[in-house]
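Tertiary structure, described
This is what each chain is made of:
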Amino acid sequence: MSELAMMFVGAFLAATLLPGGSEVLLIALLNQTHNDVLLLVLAASIGNTLGAMTSFYLGRLGRLAATPTQLAQGKFAKALQLIERYGVWALLLAWLPVIGDILCLLAGWLKLPVLRATLLIFIGKTVRYFVIAGAVLHWLA
């Protein structure tokens, strides 16, 4: 499997509700490969965004299983507060560990606009990967 495909798949799986760290994979690939950094960041960003959108659509399906009262309690409470306060803009934080997955799930549950959600998730995740890549390349130089 090519480095770009590996980065895409790793980032996709890390963005779903499965545990995983695409950042570690990006660092390893930047350390061992001579691929274009831009392509690696793009593969990671697209994969991670599509994984987040999987959670988004699982949230849409979850409308059948959870009530608003259930979502306002427990692990969903903080993410729900962020979305209630900032709306779709809260999805710029979808890159955050733990709460980011929940933000995407709730965004789907709340039926936030798909195109805006996708764009904001992509922007947040891309900025994160560029920051990581920049730090790694600075450290390696």
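Worth saying up front: this structure is predicted, and the values here are computed from it rather than measured.

Another aspect to go through is the overall build of the protein. Scanning the protein for helices and strands turns up seven helices and zero strands. Starting at the N terminus, the α and β elements of the protein follow one another as α-α-α-α-α-α-α. Here the C-alpha atoms of the protein give a radius of gyration of 16 Å, agreeing with the 14 Å that 2.2 N^0.38 yields for 141 residues. Taken along the three principal axes of its C-alpha coordinates, the protein extends 50 × 30 × 25 Å. Counting only residues that meet the buried cut, the protein has 42% of its 141 residues in that class. Counting every atom, the protein has about 7,800 Å² of accessible surface; 70% of that belongs to carbon and sulfur. Side chains of the protein carry 9 positive and 5 negative charges; the gap between the two charge centres is 16 Å.

On to the nonpolar core. Membership of the largest hydrophobic core comes to 25 residues, with the highest contact counts inside it found for Ile83, Leu91, Leu103, Leu106 and Ile121. Looking at which element gives the most residues to this core, the answer is helix α6 (residues 99–109), with eight residues. With residues near it in sequence (within four places) discarded, Leu106 still touches Leu71, Phe76, Ala79, Leu80 and Ile83. Counting residues in each nonpolar core, the second largest holds 13 residues, with Leu30, Val41, Ile132 and Ala133 among its members.

With respect to the secondary-structure elements, Arg128 resides in helix α7 (residues 114–140). For Arg128 and Val9, which are 119 residues apart along the polypeptide, the C-alpha to C-alpha distance reads 17 Å.

Now for a nonpolar patch on the surface. Side chains of Leu39, Leu42, Ile46 and Leu50 sit close together on the surface and give an oily, nonpolar patch of about 320 Å² of accessible area. Here Leu39 is to be found in helix α3 (residues 37–62). In this structure Leu39 comes out as partly exposed when scored by relative accessible area, which is 43%.

Along the chain, Ser45 falls in helix α3. If near-sequence neighbours (up to four positions away) are discounted, Ser45 is found in contact with Phe122, Lys125, Thr126 and Tyr129.

So, about the packing of aromatic side chains. Applying the stated rule across the entire model yields one aromatic pair. For the ring pair Phe56 and Tyr57, a centre distance of 5.3 Å and an interplane angle of 80° mean the geometry is edge-to-face. What makes Tyr57 partly exposed here is its relative accessible area of 42%. Looking at Arg128, its charged tip hangs above the ring of Tyr129, at a distance of 4.2 Å from the centre.

Each value, and the rule that gives it
Every chain is numbered independently, its residues counted from 1 as its sequence is written. Where local features are concerned, this predicted model is filtered to residues with pLDDT of at least 70; where side-chain atom pairs are given and counted, the filter is 80 or more; whole-chain, interface and lining totals use all residues. By convention in this description, side-chain values take in all heavy atoms of the structure and omit both hydrogens and water. By the criteria applied, helices consist of DSSP H or I runs no shorter than four residues and strands consist of E runs no shorter than two, each listed in order from the N terminus. The reference for a compact globule is 2.2 Å times residues^0.38; the radius of gyration itself is calculated from the C-alpha atoms. Type-normalised accessible area, obtained with a 1.4 Å probe on protein chains alone, sets the label of each residue: buried when under 20%, exposed when over 50%, and partly exposed for intermediate values. Using a 1.4 Å probe, accessible areas were evaluated by the Shrake-Rupley method; residue-level cover was limited to the displayed protein chains. Only four residue types enter the charge count: Lys and Arg as positive, Asp and Glu as negative, with His and the chain ends excluded. Here the site of a charge means atom NZ of a Lys, CZ of an Arg, CG of an Asp or CD of a Glu. To qualify as a nonpolar core, a set must consist of buried Ala, Val, Leu, Ile, Met, Phe, Trp, Tyr and Cys residues joined through side-chain atoms within 4.5 Å. Contacts are assigned to residue pairs with any non-hydrogen atoms lying within 4.5 Å of each other. A patch consists of residues exposed above 30% relative accessible area that lack any salt bridge, with like charges linked at up to 9 Å and nonpolar side chains (Val, Leu, Ile, Met, Phe, Trp, Tyr) linked at up to 5 Å. Salt bridge criterion: a side-chain nitrogen from Lys or Arg within 4 Å of a carboxyl oxygen from Asp or Glu. Two aromatic rings, drawn from Phe, Tyr or Trp (for Trp, its six-membered ring), form a pair once their centres lie within 6.5 Å of each other, and the interplanar angle then sorts them: stacked below 30 degrees, edge-to-face above 60, tilted otherwise. Lysine and arginine charges are scored as sitting over a ring when NZ or CZ, respectively, is within 6 Å of the ring centre and within 35 degrees of the ring normal.

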